[in-house]
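Architecture and fold: a report
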Amino acid sequence: MKAQARLLDKLCQSLPEGRLEWIGLRSERRGAVQVVGSAWAVEDQGLEGDHRMTKTPGSARQVTIISREFIESICRHTGHSSIDPALLRRNLVISGMNMNLLRHQRLQVGEAVLETTALCHPCSRMNEALGPGGAAAMFGYGGLCARIIQSGRMTVGDPVVRLAAASDQ
């Protein structure tokens, strides 16, 4: 295990559970975001109905996650009073967990299990969505990418639980 992953794993041992607040799917790249109440996560592929499911199986970017707290920070940096999560083009919005600690962690969201991988950096399209400086405002607050390691249904309101790593037990 990498040193950074071990440190994050140790800090996460007492992390409280969070909550799934929002789910968005895009049927095609650059397509409109469809807000749904639940989604089926397919192991090693992505979310049913999302264009990433047709990409390379095993990809580290099958699902994108951002926290409500990060969205609130982006609001402060851009001067918005609120931001529709669909503008940020992520799949899941969670709350109640320190997103900075969740990299390299396994999360159970509803019935599905995800493994977080890389940071999800903002693209230049965020300047279009949020106004000038939108991409800069999101830097460090873009959330995480994840892959699905266990299929299952996710529903808005489900708990988000960090699963203990083998080294925790």
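Residues numbered from 1 in each chain as written. Predicted model: local features only at pLDDT ≥ 70, side-chain atom pairs only at ≥ 80, totals over all residues. Heavy atoms only, no water.

Another aspect to go through is the overall build of the chain. Helix and strand content of the chain: five helices and eleven strands. For 169 residues, the compact-globule estimate of 2.2 N^0.38 gives 15 Å, and the chain sits close to it at 15 Å. Along the longest, intermediate and shortest principal axes, the C-alpha atoms of the chain span 45 × 30 × 30 Å. For the chain, the proportion of contacts with a sequence separation of at least 24, taken over those separated by at least 6, is 75%. Summed over its atoms, the accessible surface of the chain is roughly 8300 Å², and 49% of this surface lies on carbon and sulfur atoms. Charged side chains of the chain number 20 positive and 16 negative; the gap between the two group centres comes to 7 Å. (Helix = DSSP H or I, 4+ residues; strand = E, 2+ residues; numbered from the N terminus. Rg over C-alpha atoms; globule rule 2.2 N^0.38 Å. Contact = heavy atoms within 4.5 Å. Areas by Shrake-Rupley, 256 points an atom, 1.4 Å probe, with all protein chains shown as cover. Lys, Arg positive; Asp, Glu negative; His and termini not counted. Charge placed at Lys NZ, Arg CZ, Asp CG, Glu CD.)

Okay, the packing of aromatic side chains next. Following the criterion strictly, the structure yields one aromatic pair and no others. Taken together, a centroid distance of 5.2 Å and an interplanar angle of 85° make the contact between Phe70 and Tyr141 edge-to-face. Here Phe70 is found in helix H2 (residues 68–78), whereas its partner Tyr141 is found in the loop between helix H5 (134–138) and strand S9 (144–150), with 71 residues between them in sequence. (Phe/Tyr/Trp six-rings, centres within 6.5 Å; stacked < 30°, edge-to-face > 60°.)

Before going further, it helps to spend a moment on the pattern of salt bridges. Any two side chains of opposite charge can pair, given that their charged atoms come close. For the structure shown, the criterion picks out three salt bridges. The residue Arg68 makes a salt bridge to Glu21 at a minimum N-O spacing of 2.9 Å. Linking Arg68 in helix H2 with Glu21 in strand S1 (residues 18–26), this pair joins segments that are 47 residues apart in sequence. For Arg68, a relative accessible area of 23% corresponds to the partly exposed category. In this structure Glu21 comes out as partly exposed when scored by relative accessible area, which is 24%. (Salt bridge = Lys/Arg side-chain N within 4 Å of Asp/Glu carboxyl O. Buried < 20%, exposed > 50% of the residue type's maximum accessible area, 1.4 Å probe, protein only.)

Moving on, we get to the nonpolar core. Judged by nonpolar contacts, the single largest core of 42 residues is most densely connected at Leu88, Leu92 and Met154. Excluding residues within four positions of it along the chain, Met154 makes contact with Leu20, Ile23, Gly37, Ser38, Ala39, Ala41, Leu47, Leu92, Val109, Ala112 and Leu114. (Core = buried A, V, L, I, M, F, W, Y, C linked by side-chain atoms within 4.5 Å.)

On to the sheet that holds strand S3 (residues 38–42), then. One open sheet holds the three strands; their spatial order is S4-S3-S10, and the pairing between them is antiparallel. Either end of the sheet is taken by a strand with one partner, and the two such strands are strand S4 (46–47) and strand S10 (152–155). (Pairing = 2+ DSSP bridges.)

It is worth spelling out unusual backbone geometry at this point. In most cases, non-glycine residues show a negative phi, while peptide bonds are predominantly trans. Unlike most non-glycine residues, Asp44 shows phi in positive territory, near 65°. Within the element layout of this structure, Asp44 appears in the loop between S3 and S4. Positioned with a positive phi, Arg89 is a non-glycine residue whose angle comes to about 65°. Here Arg89 shows up in the loop between helix H3 (85–88) and strand S6 (92–95).

Purely spatial values, then, with no claim about function.
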